[in-house]
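Fold and geometry: a report
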Amino acid sequence: MPSCNMFFVYSFLFFCLVLTENTSGEPLRTCEPIGVELCMGLGYNMTGMPNLGGNDAQQDADYSLKSFTPLIQYGCSQQLKLFLCSVYVPMCTEKVPNPIGPCRGLCESVRSRCYPVLQGFGFPWPDALNCSRFPVANNHEHMCMEGPKENVDVRAPVEPAVRKLECSPHSIKNGVPGCAPPNCRGTRMFNDAEKKIAEVWISVWALACIASSLASLITLTLGGGRVCAPPLVGLSLSYLLVGSGWAFRSFTGPTGSTCWTPDSAVLRPADGLPNLVCAFVFLLLYYFGMAANVWWVCLCAWWLARSSTSWSPERLRGLTSALHVCAWGFPALQTVIALVYRDVDSDELTGTCYIGNKNLFTLWYLALVPHFLYFCAGGLLLTIGWIFVLKAPKLPRNSLSTPLTQGQPRTERDFLGALATLYVVPIFVVMMSYFIEYSDREKWLSGDQKPSMWFFLLLRHFMSLFMGISSVLWIWCEKSAQVWKSALKRLGPRFKPNKNTIALKYSVPHHSGVISMQGSAYSGSRQSSHPHSSRKSSRSHHLRNGNETVI
């Protein structure tokens, strides 16, 4: 009997054990193969989500890891790659309910070597990598990874699929093609002395641009200037506002609040548009700077239509309306696209908000490509115009104007063509400066090369204001001086004449004497008495009839 009872007891316990295993038939943790290429080949191939960084999917973990690829390439620690993967792509086994992450010793070893690098960039140690969150040691209660295995080479080159999304150790990724410096007001490329020189340089030329553009705009509006061309008015207005943008930036100081800022475990860029000063400076510089380039193309088109093909005034008025639509419409479309991309921030040298300072993608498509298209369009119009001019018959040297059908004097036509051709140089220089920056920015950030402040960046800023500064050439003539004199006379105090001036005004010269009228009485000298008698005699002689006697 006792043996029978024991049999039932063991049978019952075995049944409960089997029932327990059946009710928990699913594994303790669901594991999946590692899909993040950065973490492949580290000694384990299975992971589980959510990870220790708070991500619920491997795609999110992959995006978080990409922000650390510059630090991995920098090589601050040989164990950094394994440490980051153990946090964002932890080891998983179906027999352990929790993800197997790094041990505290591995975290502290990596932190001691890599945290000074982050401090140099101005970033704190991310909260998701806080070493106090991880187990002290690997034991039966808490499993963790203590360090890389011997057959794992963490210094091996990154796979090509990941390399195309990487930046240099001195820059940060923004999720799209292009890299950016982590601190826009740092001293990676330029020191403080160079920044002070740039500040003075830009301020001086900005004020010169404002003065010249304002003078030319008022003169052309009053009807002065060496040549009458509506695109010159648009150019003056555009460069007046571009110079105002640079002057406003100099007055408010560098907009340093648009630099990169850390966001928990991921380093993200701070957009400059929420900063009102940054957004206002960007709109002035980008919109009216692009409008100035389009107005130059319009100037070339106007010169071609006015001088080479001799359009009628009616057709020229229609062309002027079309040029206004193009000159203000195309830059507006570019500005809207730039605002949608939200890629506005300040550069390191001047601290001025513009497009493409942290992203090579937007620098290419929103700065370099528009400059290239405008340069090609203006160059084509100039080439066609000069072909017409060179083929046209030459006039004699003493001829000041072309026939009436031509409408515009030959000297003015040549001056306008020379002016439009001269502005090819600054537009080409600015375009090439953007191309050089697009090609060499990564070398500048890594320290392999240093950009030339005088020859490159400051030359770009000067050439971007050159048209506005040289606008004084449009109005430096005698006609402008006469227009300004006339305007100042109308604005000056009115002259009130006295009684003597009124008497002189109404005096009538007659022979050798003068008859003056003062009030209602006539007054004269002895010399004027004789002319009076002769005047009466002649009048009497003129009115006599046959019955009168002439005295």
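Computed from a predicted structure; not experimentally measured. (Residues numbered from 1 in each chain as written. Predicted model: local features only at pLDDT ≥ 70, side-chain atom pairs only at ≥ 80, totals over all residues. Heavy atoms only, no water.)

**Brief notes about the packing of aromatic side chains**
Within this structure, the stated rule accounts for 21 aromatic pairs. Seen in terms of ring centroids, Y287 and F288 are 4.9 Å apart; in terms of plane orientation they differ by 80 degrees. Their pairing is edge-to-face. One aromatic cluster in this structure is built from W201, W205, Y423, W454, F462 and F466. It is R111 that lies over the ring of Y115; its NZ or CZ is 4.6 Å from the centre. Against the face of Y434 rests R460, its NZ or CZ located 4.2 Å from the ring centre. (Phe/Tyr/Trp six-rings, centres within 6.5 Å; stacked < 30°, edge-to-face > 60°. Lys NZ or Arg CZ within 6 Å of the ring centre and 35° of its normal.)

**Quick notes on the pattern of salt bridges**
What the rule picks out here adds up to six salt bridges. The shortest N-O distance in the salt bridge between K450 and E194 comes to 3.5 Å. Here the residue K450 occupies a position in the loop between α13 (424-446) and α14 (453-464), and E194 occupies one in helix α7 (residues 192-222), the gap between them amounting to 256 residues. Looking at E194, the relative accessible area reads 15%, which means it is buried. Measuring nitrogen to oxygen at the nearest pair gives 3.8 Å for the salt bridge that ties E314 to R317. A residue pair is termed a helical-turn pair when its members lie 3 or 4 positions apart in one helix, as E314 and R317 do in helix α10 (residues 313-341) at three residues. Neither residue differs from the other here; E314 and R317 are each classed as exposed. Through salt bridges with shared partners, one network takes in E437, R441 and R460. (Salt bridge = Lys/Arg side-chain N within 4 Å of Asp/Glu carboxyl O. Helix = DSSP H or I, 4+ residues; strand = E, 2+ residues; numbered from the N terminus. Buried < 20%, exposed > 50% of the residue type's maximum accessible area, 1.4 Å probe, protein only.)

**With respect to helix α11 (residues 360-391)**
Its 32 residues give α11 an end-to-end C-alpha distance of 45 Å, which sits within 8% of 46 Å, the value for a rise of 1.5 Å per residue. The largest bend along α11 measures about 30 degrees and falls at L368, with the proline P370 one to four residues further on. Capping of α11 at its N-terminal end is provided by N359; its side-chain oxygen lies 2.9 Å from the backbone amide nitrogen of F361. (Expected span 1.5 Å × (residues − 1). Bend = angle between axes of the 7 residues up to and from the residue. Polar contact = N/O pair within 3.5 Å; in protein donor to acceptor, adjacent residues only side chain to side chain.)

**Thoughts on the environment of L381**
Along the chain, the position of L381 falls in helix α11. Each C-alpha atom, one on L381 and one on W302, is 9.5 Å from the other, the two residues being 79 residues apart in sequence. If we ignore the near neighbours within four places in the chain, the residues touching L381 are V297, C300, A301 and L304. (Contact = heavy atoms within 4.5 Å.)

**Focus on unusual backbone geometry**
The omega torsion of the bond from M49 to P50 falls at 5 degrees, within 30 degrees of zero and hence cis. Inspection of the secondary structure puts P50 in the loop between β2 (46-47) and α2 (58-66). Of note, the phi angle at R342 is positive, near 50 degrees, even though the residue is not glycine. Tracing the sequence through the fold places R342 in the loop between α10 and β9 (344-346). By relative accessible area, R342 is classed as partly exposed at 43%.

**Focus on the state of the cysteines**
Overall, the coordinates contain six disulfides when judged by the stated rule. Through a disulfide, C31 is tied to C92; the S-S separation comes to 1.9 Å. Of note, the bridge from C31 to C92 carries an S-S torsion of about -75 degrees and is left-handed in sense. Within this pair, whereas C31 is found in the loop between α1 (2-23) and β1 (32-33), its partner C92 is found in the loop between α4 (80-88) and β3 (101-102), the two being separated by 61 residues in sequence. Here C92 falls in the buried class, since its relative accessible area comes to 8%. C326 provides the cysteine sulfur closest to C298, a residue in no disulfide bond, and the two sulfurs are 6.1 Å apart. Exposure remark for C298: the relative accessible area of 3% places this residue in the buried category. (Disulfide = S-S within 2.5 Å.)

**Some thoughts on the UniProt feature "transmembrane region" (unreviewed entry) in the protein chain**
This chain's UniProt record puts "transmembrane region" (unreviewed entry) on residues 200-220, 227-248, 279-304, 316-341, 361-389, 415-436 and 456-476. A helix fraction of 100% and a strand fraction of 0% characterise residues 200-220, whose end C-alpha atoms lie 30 Å from each other. Secondary structure over residues 361-389 splits into 100% helix and 0% strand, and the C-alpha atoms at its two ends are 41 Å apart. (UniProt positions renumbered as here; feature names shortened; annotations may be inferred.)

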